[in-house]
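Summary of structural features
Next come the chains, spelled out residue by residue.
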Amino acid sequence: MLHVALSNIKTYARRYIAVILAVAIGTAFLAATLSVNSSTQATLKNSLGDAYKNADLVAYPDWDLVPGAEELTELSLKDIADVRNLPEVSTAYGLAYADGLLRTADNSYGVSAQPVDPDQGLGGMELIEGRAPQGSNEIIIDASHAKEMGVSIGDVVALENGAISPANYNIVGIQRSTTNPRTSAYALAGMSEKAWQHFSGGQALITEIVVNGDGSDESLKAELEKLFTGKKMADMAVVTADEKVLNEVAQFTGGTDQLSVILLVFALIALVVTGLVVVNTFAVVIAQRTRELALLRILGAKRKQIRSSVLIEALLIGILASILGVLLAVALMAGLIQLLHVMVPEMSYAALALTPQGLAIPILVGVLMTVFAASLPAQRAMKLAPLAALRPFDAASVKNRAGKARIIFGSLFVVAGASLLAYGAIQGDLVVAFLGGLVSFPGILMLASLFVPSSVSGIGKAVAGKSTAGKLAALNAVRNPGRTTATATALLIGVTLVSMIMVGGQTAKASLNNAVAAEFPVDMMVSFYDRQVSGAETKSMLEQINGVDGITASSSFTSGYADVDMGTDEMFNAEIMSVDPTSFADVALDPNIVPADGEIVYVLGSPENPTVEVGGQTLAVKNSEAMLSGNIVTEQTFSKLEIDEANQYSGILIKVDSDVNAASVNELVTKVSAITGVESSMINGGVVMKSMFSQIIDVLLMIVSALLAVAVLIALIGVANTLSLSILERTRENSLLRALGLKKKQLRGMLATEAVLIGGVAALLGLVLGVAYGLLGARSALASMGTMTYEIPWWQLALVLLISIVAALLASVTPGRRAAKLSPVEGLAVE
């Protein structure tokens, strides 16, 4: 039967386009999901593992080796020297960072100093130009921050920290900037190990020792473990560089890959919808070949042979479509990564990683899914007598055993799931609510045969009016309730999830924005942590900031730390923020946080007593739930608290016009950053937080909606297939209508109405379910944060409904043309 299968594929290739397209999209989705997982791991390895990429082994103190210990081993340069003295060690260096302040002629910057040795792998650094530091006053700077600072080889800069006095250093080299997200935000300065030890003042700790050896990793590891055992360092772990990177990736992602889990859920949804479409498509193909299969039976072919022929066709098509899907996924991922490299050069470490299992699993799943989906209509067709015509099969209903079982179990699932969902929403328990949704939705799908056909029929009759074609369309749309239900279910799944995400995301955005507005008392806050700013500079900045469109007011502040006696026999070191009450009142969103002289607005706790002692002054307490970095006092009160000026820093508070939208906030932050010289990432506040939340939610909504659109696209292919099979079954009927006077245009309109009814009703039911799930899900996830704000994006939901209807209409074009081309005489002659 292989020859028969190959001949059929060659002869009727056009019939399988829908199957190939559906399977290719579904497997591409799954392959892309798996490649996202592996590529994310590879990218994190390239970034988090930047310091280990040329290493053999990494040794570091590990809490897991000494459970219950009060402290870990503190590594020193002497420990590194002992490692270097081992016979099998070629190079060894320590990873350590000592924070300080780097001053140029124009500005000052936060810096992390690292110990390097040109004979020991240069501390994992790579020189781009110049040479390694050797003298006690020589450093190298990473390229990106050197450009930002405007310094180059030969320039002199000043370095200082709390341990040493400022000293001048000569820049002798430029190193490649790190891709590690934990350290890339800081300027990295490499200095000789002795100079680093002096600069750190013994305060900075060496976190890991990176080792390269001349022999095998096993023997080198044994030597290191022997050394640490002899030094009574029981907490020292020795692992390969790959093992260390995987450990850091797990810590960075919390030990789980939530993105891959979410993507995998969407991939499974796409595969389920694909399976439904493949079943319908093969039902069309087999129906079109009824006479051919019957002729084969008459000529002696057995049922088993014909069934094998159909399954071989499905196997070959599944292999072809699955390979195409995997190739499509690889091309898409490669293109996205290249686009990322071009648009964000700093992300050049992003990598495409393909694994054998990541390529094989989608192909295997696609093939098995296609064969299994094709076996269902093939099994039905083989039950027919050789000369029997294709007849519709019974749907699940209360009149047959399968229908009764589905209705009973579906009802139980809906009742149990709805109860869990309602309980989770009321109690704010996301886990319970998620479980409720997971149980109730399959129950609804099992009961779909009860309400989908009746909904299609009812709405069809309501909109048909006096149109004969419309009335016929309403009847024909439910001619085969089982197939109509299967097709509508595929679309219902996608639309339900799309609308659920839209409603949940919009509600989350509104609730988070209101919560942020209640907690953050100012729109924007700029702090000069790393440099001293004079009063004249601050005044100039305030004038420039007030001139920016979208900013309505600004005010300065000064912060420092002082011991606070709350009357509990225990002193607390708290941050105190000094403000001018007049200008602060213009930027504060809550007038209750504006202090009076002799008063402190306590935002970092709730003292039990009505007064507290600060710097020998008794201050009246005014509690607030607002979030600021310090407790607020007036400038006059602050001056009496005797706070050390050396430990003070200043900043600026800004109020943004309420009409500024989230997208424009980034532009304001950029302008404020340029005026103040503070990095954009260090500017925070209520409006910044709201903008961040809104953008994150919008991006997630866009990604999720795009992913779920794949399932909707596949489902609409199913609408076209269902319509094709319906037309095939009604060939003689349609021809009789043509003979009685129905025009081609009316026939096409009738078929288009059928498609719109199926697609529109499925989308409408999906929207209703999606709104319910979205609101209850958002309630369960966000109820703990306080008062909820429910918002339904009506225009977006209307757009989803419109797109579904238009797409269903387009899906009817090809079947409609095919039916209209057949002349009444030819159609009536069909047996």
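Residues numbered from 1 in each chain as written. Predicted model: local features only at pLDDT ≥ 70, side-chain atom pairs only at ≥ 80, totals over all residues. Heavy atoms only, no water.

Below, the discussion takes up helix H6 (residues 217–230). An ideal rise of 1.5 Å per residue puts 20 Å on 14 residues; H6 measures up with 20 Å between its terminal C-alpha atoms. For H6, every residue scored as buried is listed here: Leu 220, Leu 224, Leu 227 and Phe 228. Taken down its axis, H6 places every buried residue within 95° of arc, on the same side. Those residues of H6 that are exposed and angled more than 90 degrees off the buried face are Glu 218, Lys 226, Thr 229 and Gly 230. (Helix = DSSP H or I, 4+ residues; strand = E, 2+ residues; numbered from the N terminus. Expected span 1.5 Å × (residues − 1). Buried < 20%, exposed > 50% of the residue type's maximum accessible area, 1.4 Å probe, protein only. Arc of directions from axis to C-beta.)

This brings us to a positive patch on the surface. Residues Lys 743, Lys 744, Lys 745, Arg 748, Arg 817, Arg 818 and Lys 821 make up a contiguous surface patch of positive charge. Elements represented by at least two residues in the positive patch include exactly helix H23 (744–782) and helix H25 (813–821). By the element assignment, Lys 821 lies in helix H25. Using a relative accessible area of 71% as the deciding quantity, one classes Lys 821 as exposed. (Patch = residues over 30% accessible without salt bridge, like charges linked within 9 Å, V, L, I, M, F, W, Y side chains within 5 Å. Areas by Shrake-Rupley, 256 points an atom, 1.4 Å probe, with all protein chains shown as cover. Salt bridge = Lys/Arg side-chain N within 4 Å of Asp/Glu carboxyl O. Lys, Arg positive; Asp, Glu negative; His and termini not counted. Charge placed at Lys NZ, Arg CZ, Asp CG, Glu CD.)

Taken as a whole and judged by the stated rule, the model has eight salt bridges. Linking Glu 126 and Arg 176 is a salt bridge whose minimum nitrogen-to-oxygen distance equals 3.3 Å. Remark: Arg 176 occurs in the loop between strand E8 (167–175) and strand E9 (187–192) and Glu 126 occurs in the loop between strand E4 (108–116) and strand E5 (127–130); sequence separation between them is 50 residues. According to the relative accessible area criterion, Arg 176 is partly exposed, its value standing at 22%. Across the pair Glu 138 and Arg 131 runs a salt bridge, and its minimum N-O distance is 2.7 Å. Note on Glu 138: relative accessible area 13%, which makes it buried.

Now for the confidence of the model for the protein chain. A low pLDDT score tells you not to read the predicted coordinates there in detail. Across the protein chain, pLDDT averages 78, with 76% of residues at or above 70. In the predicted structure, residues 254–259 sits below a pLDDT of 50 and forms four contacts with residues beyond four places in sequence or in another chain. (pLDDT = per-residue confidence, 0-100. Contact = heavy atoms within 4.5 Å.)

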